[in-house]
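In case you want the letters, here they are:
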Amino acid sequence: MRNQTSVTTFILLGLTEDPQLQVFIFIFLFVTYMLSVTGNLSIIILTFVDSNLKTPMYFFLQNFSFLEISFTTSCIPRYLYTISMSDQTITYNACATQLFFIDLFAVIEFFLLAIMSYDRYVAICKPLHYMTIMNHKVCKTLVICCWMTAFIIVLPPYSLLLNLEFCDSNVIDHFGCDVPPMLKISCSDTWLIQQMMIVCAVVIFVITLICVVLSYMYIIRTILKFPSVQQRKKAFSTCSSHMIVVSISYGSCIFIYVKSSSKEQVKINKGVAVLITSISPMLNPFIYSLRNKQVQQAFKDSLKKIALLSKK
């Protein structure tokens, strides 16, 4: 986003100009943000302190919760500030920083979801070798690879974005700094960036989706071979939470990228962006905890310990 003109700040249009609706949006986003941070932080703490949650699945869930907090924090607090202070401006550097971290955390999440699918595949299809294959060193290496791969993918298009010039307009039709609305107001040739973004998005989406689909194909095939209904039910329950989160993540992205260019679609996409950045991170802790007896038990045990300590 190189700036050879007087444009040193951008104006974020947000979701609406209606003051009453802005109050409702502020309350809604504030509540969902607090629930998201609290829920995901609770999962991180539980996986650290509870000895029963030291398996690879909960290690990945711990990292996923950290990413969810980071992802929603990279955009929601800024928009809350915009509404509360009635200040729609954002500096060039702040916009560039926000854009980088939103994209980075989003890409990491997709790779981590794919790894979590593979983890479930090993746990169900190769249970006797699970702890050998998914040992702590392998798990740590896989998470580090997620971060490094995401950084390598995000950096090239981001470096091109830093060289964009803005001549006529500095108004971004979004509640945060996002690539498509910024490309619309740039007076530079954006063809190369657009093509690079399409390639990166397709590579990320296709590779991770193939991993998820193949993992669950083998998982379902293995589960159907189980002799008892109880075994099949238990096996499906260990995957159901992850399948719900995967469906929300991939479904939202498909909705955004498979779209028309109409003005109404822009409004709809901003609504979907709110779903991805605020509601989805809030729901994930509840999805994993409500459908997971181990997490529920760990939470109850932690509450009992806190209650006992408070009495002393």
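See the structure shown above.
If you're wondering where the values come from, they're calculated on a predicted model, not measured in any experiment.

The rules we used
- Residues numbered from 1 in each chain as written.
- Predicted model: local features only at pLDDT ≥ 70, side-chain atom pairs only at ≥ 80, totals over all residues.
- Heavy atoms only, no water.
- Helix = DSSP H or I, 4+ residues; strand = E, 2+ residues; numbered from the N terminus.
- Buried < 20%, exposed > 50% of the residue type's maximum accessible area, 1.4 Å probe, protein only.
- Contact = heavy atoms within 4.5 Å.
- Areas by Shrake-Rupley, 256 points an atom, 1.4 Å probe, with all protein chains shown as cover.
- Lys, Arg positive; Asp, Glu negative; His and termini not counted.
- Charge placed at Lys NZ, Arg CZ, Asp CG, Glu CD.
- Disulfide = S-S within 2.5 Å.
- Salt bridge = Lys/Arg side-chain N within 4 Å of Asp/Glu carboxyl O.
- Pairing = 2+ DSSP bridges.
- Axes fitted to C-alpha atoms, helices over the stretch in contact; angles between N-to-C directions.
- Phe/Tyr/Trp six-rings, centres within 6.5 Å; stacked < 30°, edge-to-face > 60°.

A. Summary view of the overall build of the chain. Counting its secondary structure elements, the chain contains eleven helices and three strands. Secondary structure elements in the chain, listed N-terminal to C-terminal, are β-α-α-α-β-α-α-α-β-α-α-α-α-α. Burial statistics for the chain: of 312 residues in total, 45% are counted as buried. Within the chain, contacts between residues separated by at least 24 positions form 78% of all contacts whose residues are at least 6 apart in sequence. Carbon and sulfur atoms form 69% of the exposed surface of the chain, whose accessible area is close to 16800 Å². Averaged over its 24 positive side-chain charges, the chain has a centre that lies 20 Å from the centre of its 15 negative ones.

B. A look at the state of the cysteines. Going through the model one piece at a time under the given rule, you end up with two disulfides. Here Cys 95 is linked by a disulfide to Cys 177, with a sulfur-sulfur distance of 2.0 Å. Taking the sign of the S-S torsion, -130 degrees for the link of Cys 95 and Cys 177, the bridge is left-handed. In this pair, Cys 95 sits in helix α4 (residues 92–125) while Cys 177 sits in the loop between β3 (171–172) and α7 (179–185), placing the two residues 82 residues apart along the sequence. Each member of the pair Cys 95 and Cys 177 is classed as buried. Sequential numbering of the bridged cysteines in the chain gives the disulfide pattern 1-3, 2-4. For the unlinked cysteine Cys 146, the closest cysteine sulfur is that of Cys 145, found at 7.4 Å. In this structure Cys 211 is a free cysteine whose sulfur lies 9.9 Å from that of Cys 146, the closest cysteine sulfur available.

C. Representation of unusual backbone geometry in the model. Its identity is not glycine, yet Ser 86 carries a phi of approximately 55 degrees, on the positive side. Tracing the chain through its elements places Ser 86 in the loop between α3 (76–85) and β2 (89–91).

D. The pattern of salt bridges, seen in detail. Scanning the model with the defined rule gives two salt bridges in all. Here Asp 119 makes a salt bridge to Arg 120, at a shortest N to O gap of 3.1 Å. Each member of the pair, Asp 119 as well as Arg 120, carries the same accessibility label: buried. Lys 270 is the salt-bridge partner of Asp 173, the closest N and O atoms lying 2.9 Å from each other.

E. Structural view of the sheet that holds strand β1 (residues 9–12). Taken together, the three strands give an open sheet; going across it, the order is β2-β1-β3, and neighbouring strands pair in mixed fashion. Each edge of the sheet is formed by a strand with only one pairing partner; in this case those strands are β2 and β3. Sheet topology note: the β1/β2 ladder contains three bridges and is antiparallel. Counterpart to Thr 9 in the pairing with β2 is Thr 91. The strands touched by α4 within the sheet are β1, β2 and β3, with β2 carrying the most contacts at an inclination of about 80 degrees.

F. Local environment of the packing of aromatic side chains. According to the stated counting rule, one finds 15 aromatic pairs in the structure shown. Centre to centre, the rings of Tyr 118 and Tyr 121 are 5.9 Å apart; their planes meet at 35 degrees, and the pair counts as tilted. Placement of both Tyr 118 and Tyr 121 in helix α4 is noted, with a separation of three residues, approximately one turn of the helix. Arranged with centres 5.2 Å apart and planes meeting at 65 degrees, the rings of Phe 205 and Tyr 250 form a pair that is edge-to-face. One end of the pair, Phe 205, is in helix α8 (residues 191–224); the other, Tyr 250, is in helix α9 (residues 229–257), and 45 residues separate them in sequence. Aromatic ring contacts, followed pair by pair, group Phe 66, Phe 100, Phe 101, Phe 105, Trp 147, Phe 151 and Tyr 158 into a single cluster.

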